[in-house]
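# Descriptive analysis of the structure
Residues per chain, in single letters:
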Amino acid sequence: MPDYTPEQLDLLLELQATDQRVRRIEHTLDDLPEQRELAISDQRAQELSRAVDELRVALDQAAAEQRQLEREVDVLSQRRDAERARIYDGSVVNARELKAVEAEIETTVRRLSEHEDLLLEALERTEAIEGRRDVLSTELEAERERREQLELARNDAASGLLAELGELKVARDREAAGLPAELRERYEQQLARTGGVAVGKLEDNACTACRIGLSMADVGELYAGPPLTTCPQCRRLLVVPA
Ligand SMILES: [Zn+2]
């Protein structure tokens, strides 16, 4: 391994710090709290929207039922009035016929009353559905407003991070370009191998990458050797300060 200047090794450590910040920001972007909140709000709005749609269908059905019952009540009222009129218009000529007409009136009035009860129930049902729809519609509207705010917040948070990421990548390129090509390649290879930290620094008798304590003999050997070597424990690049 060629000898590198302390400045080059400092730059190597700087490059690694920059790369770590880049990874942290990329991770943060994937996992933004604003992004998670937005997803939750999105789902809630979808659920509410579905529920409101279902109530709209139920309301249409209830309205159709109600109209049907209104028509039936209408028909029965007219029939009752017609039957009552027969008693007085002279068309009923004997007691037997009169009794039959009275029985018909009784049946019609009973059916009318039953239908009126059903109509009342249908009206109450419609009102209940309308009430529930109004509550959910208001909730949906509020959730949609909340969602808009969350989207703005998410965009704000992401734009800050994206700007920071852009700056870090510029810094990274500058730092990488400042290293000898051979050193940069070793760093990249090590980075690909470890997927995270590629370089450690000898500090307090341990490598800062693996933090496994080294024996005094190892430490003595490292200080006597080149300023850039390999950690005897984790095999990462190891910067040995003068
Ligand atoms: Zn190590």
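Residues numbered from 1 in each chain as written. Predicted model: local features only at pLDDT ≥ 70, side-chain atom pairs only at ≥ 80, totals over all residues.

## What about the nonpolar core?
Formed by 15 residues in total, the largest nonpolar core has its most connected members in Leu-12, Val-199, Leu-202, Cys-207, Leu-238 and Val-239. Broken down by secondary-structure element, the contributors of at least two residues to this core are helix H1 (6-30), strand E1 (199-203) and strand E4 (237-239). Sorting elements by how many residues they give to this core places H1 first, with four residues. With residues near it in sequence (within four places) discarded, Leu-12 still touches Leu-179, Leu-183, Tyr-187, Val-199 and Val-239. (Core = buried A, V, L, I, M, F, W, Y, C linked by C-beta atoms within 7 Å. Buried ≥ 20, exposed ≤ 12 C-beta atoms within 10 Å, placed from the backbone. Helix = DSSP H or I, 4+ residues; strand = E, 2+ residues; numbered from the N terminus. Contact = placed C-beta atoms within 7 Å.)

## Overview of the packing of helix H2 (residues 33-88) against helix H3 (residues 95-177)
It is at 6 Å that the axes of H2 and H3 come closest, and there the two elements cross at 165°. When the interaxial angle is binned, H2 and H3 end up roughly antiparallel. Between H2 and H3 lies a crossing whose hand is left-handed. Residues belonging to the contact of H2 with H3 are distributed by class as follows: 29 nonpolar, nine polar and 27 charged. (Axes fitted to C-alpha atoms, helices over the stretch in contact; angles between N-to-C directions. Parallel < 35°, antiparallel > 145°, perpendicular 65-115°, else oblique. Left-handed = near helix turned anticlockwise from the far one by under 90°. Nonpolar A, V, L, I, M, F, W, Y, C, P; charged D, E, K, R; others polar.)

## Overview of H1
In a regular helix each residue adds 1.5 Å, so 25 residues correspond to 36 Å; H1 covers 36 Å between its end C-alpha atoms and thus fits that length. Listing the buried residues of H1 in full gives Leu-9, Leu-11, Leu-12, Leu-15, Gln-16, Thr-18 and Asp-19. Residues of H1 that are buried make contact with H3, helix H4 (181-194), E1, strand E3 (228-230) and E4. (Expected span 1.5 Å × (residues − 1).)

## Quick look at the domain arrangement of the protein chain
Domain assignment breaks the protein chain into domain 1 (6-10 + 181-239) and domain 2 (32-177). The C-alpha centroid of domain 2 is placed 69 Å from the C-alpha centroid of domain 1. (Domains from an automatic or database assignment.)

## As for unusual backbone geometry
Notably, Asn-205 is not glycine yet its phi reads approximately 60°, a positive angle. With respect to the element layout, Asn-205 can be found in the loop between E1 and strand E2 (206-207). Despite not being glycine, Arg-211 shows a phi value in the positive range, around 60°. Looking at where Arg-211 falls in the secondary structure, it is placed in the loop between E2 and helix H5 (216-224). With 12 C-beta atoms counted inside 10 Å, the residue Arg-211 sits in the exposed group.

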